[in-house]
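# Coordinate analysis (summary)
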Amino acid sequence: MNDESKTIIIAEAGVNHNGSLERAYDMIDIAAEAGADYVKFQSFRADHLVTRTAAKAEYQKRQTTASESQFEMLKALELNDEMHVRLIDRCKAKSIEFLSTPFDHLSVRYLVNNFNLSLLKISSGDLTNPLVLLEAARTGKKLIISTGMAMMSDIENALSVLAYGYVYTNEQPSRKAFKSAWMSRAGRIAVMRNVIILHCTTEYPTPFEDVNLKAMKSIYSAFGVPVGYSDHTLGIAVPVAAVAMGARVIEKHFTLDKDLDGPDHAASLEPDELKRMVEAIRIAERAMGTGVKTPAASELNNIEIARKSIVASEPIVKGEIFTPENIAIKRPGCGLDPMSYWDLLGSESERDYVRDQLI
């Protein structure tokens, strides 16, 4: 996370492995082949995440068995200890970074204590969960925080908890203590050094008119924290546009097959789409440039060809007055600057010119 010129691309495997280790292996291989920086899974225990009577989201209902509860759906998608170990080993073998989202404070401890991950991703659903936020900050690790469904006040509250967690270890947590930490210089510096905020819309798939990429600029302006974008739209156009608008991180779900059963497959990229997205983002990065407007090296040779000079539009004899009838502006651009056109009018020619000769 040190190269600010490079967009961090997170290929979100999520729960699209459907509980299969072999499918998760394939997803790691695909993410690595596509050129993503991280492949991200989800670490949770259904018992700690959801009540047994919690309803599914509408998009989950559309993509899963109707009679299955949210608890039952998530229980089947858990990654056990051995699966975590094997997935991390597979990532190392494929030279891609392993990343996971912990969905409760115990899972935060699990990922850090067992695998010493240097980076954690916090979901939009836990933006308002102080137990997860506080535990994550107290690890001292770098964090990427999604902000789907959030108001600016929700983001500020979350950053306040993180500031407190990074800076204070002994004080009793409270709203007042959180706010004080966020207002402190030490708290602000800790957050700015360790946190990236992702703009996000939590609907699968997200309608394009609900994306609101300009919110990234609003978030950065309000909090001064690096921003990125977690995308749930169909296709690759929006994440590429987000990079052009300054996103430091792009997160995007992918799957082996959109037609598989499961809550997130339909709104995910298939392998060829993931590869195209990574390629397009890398092109967008190269195209961003420095922001300084100056001729590019590749166009220098075209200046004389494409620009123009002042020329004689008809034969001119020495001593003749330059007029709009006997001079014009034409290619090539290696003669007198066209901006001198009006200065030249009314003056005497110091020599003879043939038609189209540079003045």
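Use the structure listed above.
These figures come from a predicted structure and were not determined experimentally. All residue numbers refer to positions counted from 1 along the written sequence of the respective chain. The predicted nature of this model means local features are confined to residues of pLDDT at least 70 and side-chain atom pairs, given and counted, to a pLDDT of 80 or more, with totals for whole chains, interfaces and linings taken over all residues. Side-chain descriptors were evaluated using all non-hydrogen atoms of the structure, hydrogens and water having been removed beforehand.

So, on to the overall build of the protein chain. Tallying secondary structure elements over the protein chain gives 15 helices and ten strands in all. Values of the radius of gyration come from C-alpha atoms, whereas the globule rule sets the reference at 2.2 Å times the count of residues to the power 0.38. Relative to the globule expectation of 21 Å for 359 residues, the C-alpha radius of gyration of the protein chain, 29 Å, shows a markedly less compact shape. Over its C-alpha atoms, taken along the principal directions, the protein chain stretches across nearly 100 × 50 × 35 Å. A burial count over the protein chain gives 47% of its 359 residues as buried. Summarising the internal contacts of the protein chain: among those between residues at least 6 apart in sequence, 68% fall at separations of at least 24. Working definition: helices are DSSP H or I runs of at least four residues, strands are E runs of at least two. Numbering for both runs from the N terminus. The buried label goes to any residue with under 20% of its type's maximum accessible area, the exposed label to any with over 50%, and the partly exposed label to all in between, with areas taken from a 1.4 Å probe on protein chains only. We call two residues contacting when some pair of their heavy atoms lies within 4.5 Å.

This part takes up the pattern of salt bridges. Definition used for salt bridges: Asp or Glu carboxyl oxygen within 4 Å of a side-chain nitrogen of Lys or Arg. Going through the model one piece at a time under the given rule, you end up with 19 salt bridges. The partner of Glu78 in a salt bridge is Lys75, and the shortest N-O contact between them spans 3.4 Å. For Glu135, the salt bridge identified is with Arg109, shortest N-O distance 3.1 Å. Here Glu135, found in helix α7 (residues 130-138), pairs with Arg109, found in helix α6 (residues 105-115); they are 26 residues apart in sequence, far enough to count as distant. Connected through salt bridges with shared partners, the residues Lys6, Asp37, Arg282 and Glu285 form a single ionic network.

Once that is clear, we can look at the side chain of Lys40. Here Lys40 is to be found in strand β2 (residues 38-43). Of the polar contacts made by the side chain of Lys40, one reaches the side chain of Thr101; its length is 2.6 Å. N or O atoms within 3.5 Å of each other form a polar contact, as long as, within protein, one can give a hydrogen and the other can take it, and as long as residues adjacent in sequence are counted only when both atoms are side-chain atoms.

We call a set of buried residues a nonpolar core when its members are Ala, Val, Leu, Ile, Met, Phe, Trp, Tyr or Cys and they connect through side-chain atoms within 4.5 Å of each other. Counting residues in each nonpolar core, the largest one holds 72 residues, and the members touching the most others are Val39, Phe41, Leu87, Leu159, Leu162, Val195 and Phe254. The dominant element in this core, judged by the number of residues it contributes, is helix α8 (residues 152-167), at eight residues. Setting aside residues up to four positions removed in sequence, Leu162 forms contacts with Leu133, Ala137, Leu143, Ile145, Val191 and Val195.

This part covers the environment of Lys214. Inspection of the secondary structure puts Lys214 in the loop between β6 (195-200) and α11 (215-223). Under the relative-accessibility criterion, Lys214 is labelled exposed at 64%. Each C-alpha atom, one on Lys214 and one on Phe103, is 28 Å from the other, the two residues being 111 residues apart in sequence.

Before going further, it helps to spend a moment on the packing of α8 against helix α10 (residues 185-194). As a rule, the C-alpha atoms of each element are fitted with a line to give its axis, helices using only the stretch in contact, and angles between N-to-C directions run from 0 to 180 degrees. Direction vectors running N to C along α8 and α10 enclose 100°, while the axes themselves pass 8 Å from each other. By the angle class used here, α8 and α10 are roughly perpendicular. Taking contact as the criterion, the partners of Leu159, Leu162, Ala163, Tyr166 and Val167 in α8 are, on α10, Ala186, Gly187, Ala190, Val191 and Asn194. Partitioning the contact of α8 with α10 into residue classes produces eight nonpolar, two polar and no charged. In these notes the angle categories are as follows: under 35 degrees is roughly parallel, over 145 is roughly antiparallel, 65 to 115 is roughly perpendicular, and the rest is oblique. The classification used treats Ala, Val, Leu, Ile, Met, Phe, Trp, Tyr, Cys and Pro as nonpolar, Asp, Glu, Lys and Arg as charged, and all other residues, Gly among them, as polar.

At least two DSSP bridges between two strands are required for those strands to pair. In spatial order, the strands read β3-β2-β1-β8-β7-β6-β5-β4; together these eight strands make up an open sheet with parallel pairing. Two strands close off the open sheet at either side, each with one partner strand: β3 (97-102) and β4 (119-122). Across the sheet, the axes of successive neighbouring strands diverge by a mean angle of 25°, strand direction being ignored. Of the pairings in the sheet, the one linking strand β7 (residues 227-231) to strand β8 (residues 249-253) comprises three bridges and is parallel in character. Bridge pairing links Tyr229 to Ile250 in β8.

Mapped onto the elements, Asn194 comes out in helix α10. Among the residues examined, Asn194 registers a relative accessible area of 15% and is labelled buried. Every residue in contact with Asn194, bar those within four places of it in the chain, is listed here: Gly140, Lys141, Lys142, Leu143 and Tyr166.

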